[in-house]
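Examining the three-dimensional arrangement
Listed below, chain by chain, are the residues.
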Amino acid sequence: MSEYAEFIYVADLIGVAIFAITGAIAAPGKRLDILGVVVLGFVTALGGGTIRDITLDLYPLVWVEDTLYLYVAIVSAVAAFIASRYIPSPRRALLVLDAMGLSVFAILGLQKALAAGAPEAVAVMMAVITGVAGGMIRDVLTGQIPLVLQRGGELYATSALLGALVYLGAYQLLDEPSPWLDISAMVIIFITRMAGLVAGLRLPEFIVRGHRLESPGEAREMENREP
């Protein structure tokens, strides 16, 4: 295995660990047992990559071919389950870890799609799907509106899209892969996502003239009234 291939492999495992932890720390208050937390961590960590590989017809799936991915996801989820009993896990920690996982998986998803011969537009789409799908599954299973769909979702999928486009443009200029290019694109995604969270940056919302927008408080009140 070349040094670059080893870098990609390690980065992929780190992304799996990070997203598995976000799945686990999203569980408090949901009355899940340890098995439920492990399942949540597993689908969060490997869901996006699985959807990507099935879409691109890449078999066997990466975690089937290399079970280390499976073990890393399980161990990370269990470790987070144990640690959460002694260390508080505020939502801020979830958002920061989620941004880190998004950054890693979006770029690695883009690379895998390009290596599979996917057109550039499809590869960019796979980057976004790899980055956001696991978090979407996590949020749905825990009864939350997925971050990517929330009103004022502070540049979630947009940051993955931006990083993928920057990587693609730079890759065409360099004409060769580079760990520094990968890290730079990941940092762009992370900074963009965190800037959206801290500064409240967001894309323009769809507004119909004559319709009053609900405030976030009103929206939550309406959700609580639903049976």
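Residues numbered from 1 in each chain as written. Predicted model: local features only at pLDDT ≥ 70, side-chain atom pairs only at ≥ 80, totals over all residues. Heavy atoms only, no water.

With respect to the overall build of the protein
Threshold: Secondary structure elements are defined from DSSP: runs of H or I of at least 4 residues count as helices, runs of E of at least 2 residues count as strands, and each element is numbered from the N terminus. We take the radius of gyration over the C-alpha atoms and set the globule estimate at 2.2 Å times the residue count to the 0.38 power. Think of it in three bands: residues with accessible area under 20% of the maximum for their type are buried, residues over 50% are exposed, and the middle band is partly exposed, with areas taken using a 1.4 Å probe on protein chains only. The contact criterion used throughout is that any non-hydrogen atoms of two residues lie within 4.5 Å. Working definition of accessibility: Shrake-Rupley area with a 1.4 Å probe, residue cover restricted to the visible protein chains. Charge counting treats Lys and Arg as positive and Asp and Glu as negative, with His and both chain ends excluded. Note that the charge is assigned to NZ on lysines, CZ on arginines, CG on aspartates and CD on glutamates.
Looking only at helices and strands, the protein has 9 helices and 0 strands in total. Along its sequence from the N terminus, the protein presents helices and strands in the succession α-α-α-α-α-α-α-α-α. Here the C-alpha radius of gyration of the protein, 18 Å, is about what a compact globule of 227 residues would show, namely 17 Å. Considering only C-alpha atoms, the protein reaches an extent of 55 × 45 × 30 Å along its principal axes. For the protein, the residues scored as buried account for 41% of the 227 residues in total. For the protein, long-range pairs separated by at least 24 residues make up 77% of all intrachain contacts whose partners lie at least 6 apart in sequence. About 12,600 Å² of surface is accessible on the protein, with carbon and sulfur atoms providing 66% of the total. Across the protein, the 15 positively charged side chains and the 21 negatively charged ones have centroids separated by 15 Å.

Quick look at the UniProt feature "transmembrane region" (unreviewed entry) in the protein
Worth spelling out the cut-off: UniProt positions are given in the numbering used here, feature names are shortened, and annotations may be inferred rather than shown by experiment.
Using the residue numbers shown here, the UniProt feature "transmembrane region" (unreviewed entry) corresponds to residues 6-27, 34-56, 68-87, 94-115, 121-141, 153-174 and 180-203. Helix makes up 100% of residues 94-115 and strand 0%, and the two end C-alpha atoms of the span are 31 Å apart.

Some thoughts on a nonpolar patch on the surface
Operational definition: Patch construction takes residues with relative accessible area above 30% that form no salt bridge. Like charges are linked within 9 Å, and nonpolar side chains (Val, Leu, Ile, Met, Phe, Trp, Tyr) are linked within 5 Å. One speaks of a salt bridge when a side-chain nitrogen belonging to Lys or Arg is within 4 Å of a carboxyl oxygen belonging to Asp or Glu.
Taken together, the side chains of Trp180, Ile183, Val187 and Ile191 define a hydrophobic patch exposed on the protein surface, amounting to about 430 Å² of accessible area. Assignment of secondary structure puts Ile191 in helix H8 (residues 179-199).

Overview of the side chain of Ser178
We count it as follows: In protein, a polar contact requires one atom able to donate a hydrogen and another able to accept it; more generally it is a pair of N or O atoms within 3.5 Å, and residues adjacent in sequence count only if both atoms are side-chain atoms.
When you line up the elements, Ser178 lands in the loop between helix H7 (156-174) and H8. A polar contact of 3.2 Å, which involves the side chain of Ser178, links it to the backbone nitrogen of Trp180.

Points about H7
Defined as follows: The length a helix should cover is 1.5 Å for every residue beyond the first.
In a regular helix each residue adds 1.5 Å, so 19 residues correspond to 27 Å; H7 covers 28 Å between its end C-alpha atoms and thus fits that length. Against the buried residues of H7 lie helix H1 (3-25), helix H5 (91-115), helix H6 (120-141) and H8.

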